[in-house]
Amino acid sequence: MKTYWLAPLLAVSLLANLAWIPSVRADDEKTISAGDITSVIKDLGLKAEEDKDDEEKTFWTIEGEGYSILLFQYGGEGDVATSLGISAFFDEEASLETLDAWNRDERFTKAYSADEQCALEADLDQSVVPSKAGVKQFLQMFTKAIPSFKEHLSSDE
């Protein structure tokens, strides 16, 4: 009896066991490091300054053409994050109708009014599958939304 199928079956079984994660660990929140986030910011060519908050977590102030944004880490222990929050503030007031229209028509960002300013924000959950690619896409999405948001605000005048 020939057993040509036995070797491939054993190889597949071995690889499946290597990829197996105990269920106790599979549900643990995952994190992304401040170093990985800094690496993405540099790869995108964004001008950013790093600082530490009162929990010793790194946050970034990113300067672009006509905008300044804050990128914060949330969750996790130490200088890592289970999620990221990004905000841009504008010295313009907008009607609630204008902000509601943005929130209704746009995805992935939210706008609100605070202290005679408008804010544009977004959040990124990294607690399941943290990745530098996800952070890169998140930053690109947000920086592309800023000019659209500014244009939307100017339509309120």
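To start, this report covers the structure provided alongside it. Keep in mind the model is a prediction, meaning the values are calculated, not measured.

Here's the deal with helix 3 (residues 34-43)
Of all the residues in helix 3, the buried ones are Ala34, Ile37, Thr38, Val40 and Ile41. Relative to the axis of helix 3, the buried residues are bounded by an arc of 160 degrees and lie together on one face. Opposite the packed face of helix 3, turned more than 90 degrees from it, sit the exposed residues Lys42 and Asp43. If you follow the buried residues of helix 3, they end up packed against strand 1 (32-33), strand 2 (47-52), strand 3 (58-64), strand 4 (67-74), strand 6 (83-90) and helix 5 (132-154).

A word on the pairing of strand 4
Only one face of strand 4 is covered, namely the one carrying Tyr67, Ile69, Leu71 and Gln73; the face carrying Ser68, Leu70, Phe72 and Tyr74 has none of its residues buried. In the sheet, strand 3 pairs with strand 4 via six bridges, with the strands oriented antiparallel. Paired with threonine 61 across the two strands is leucine 70, which belongs to strand 4. What sits between strand 3 and strand 4 in their antiparallel hairpin is a turn of two residues, with glycine 66 showing a positive phi close to 80 degrees. In terms of strand pairing, strand 4 meets strand 6 through six bridges, oriented antiparallel. Paired with tyrosine 74 across the bridge in strand 6 is serine 83.

Some words on the nonpolar core
Leu71, Leu120 and Phe149 are the most contacted members of the largest nonpolar core, which has 31 residues in total. Per-element tally for this core: the top contributor is helix 5, with eight residues. Here phenylalanine 149 is in contact with Phe90, Leu99, Trp102, Ala111, Cys118, Ala119 and Leu120, once residues within four sequence places are set aside.

Overview of helix 5
Its 23 residues place the ends of helix 5 34 Å apart at the C-alpha level, agreeing with the 33 Å of an ideal helix rising 1.5 Å per residue. Of all the bends in helix 5, the largest measures some 25 degrees and sits at isoleucine 146, one to four residues before the proline proline 147.

Section: the packing of aromatic side chains
This structure, assessed with the given rule, holds four aromatic pairs. Between the aromatic rings of phenylalanine 72 and tyrosine 74, the centroid separation amounts to 6.5 Å while the plane-to-plane angle is 45 degrees, which identifies the pairing as tilted. Residue phenylalanine 72 is classed as partly exposed on the basis of its relative accessible area of 23%. Taken together, Phe59, Phe72 and Tyr74 form an aromatic cluster joined through their ring pairs.

Conventions adopted
- Numbers given for residues are sequential positions, taken from 1 along each chain in its written order.
- Local features in a predicted model are, by the rule used here, given only for residues with pLDDT of at least 70; side-chain atom pairs are given and counted only at 80 or more, and totals for whole chains, interfaces and linings are based on all residues.
- Only hydrogens and water are removed before side-chain values are computed, so all heavy atoms of the structure are retained for them.
- With a 1.4 Å probe rolled over the protein chains alone, any residue whose accessible area is under 20% of its type maximum counts as buried; one over 50% counts as exposed, and the rest are partly exposed.
- Under the DSSP-based scheme used, a helix requires at least four consecutive residues in state H or I and a strand at least two consecutive residues in state E, with every element numbered from the N terminus.
- Picture the helix axis, draw a direction to every C-beta atom, and the arc is the one those directions span.
- Contacts are residue-level and defined by heavy atoms, with any inter-residue pair within 4.5 Å sufficient.
- Any two strands with at least two DSSP-identified bridges between them are counted as paired.
- Note on terminology: a nonpolar core comprises buried Ala, Val, Leu, Ile, Met, Phe, Trp, Tyr and Cys residues joined through side-chain atoms within 4.5 Å.
- What a helix is expected to span follows from its residue count: subtract one and scale by 1.5 Å.
- At every residue, the bend is computed as the angle between two fitted axes, covering the seven residues ending there and the seven beginning there respectively.
- Within 6.5 Å between ring centres, the rings of Phe, Tyr and Trp (the latter by its six-membered ring) count as paired, and their orientation is classed by plane angle as stacked under 30 degrees, edge-to-face over 60, tilted in between.

Shape descriptors only; they carry no functional weight alone.
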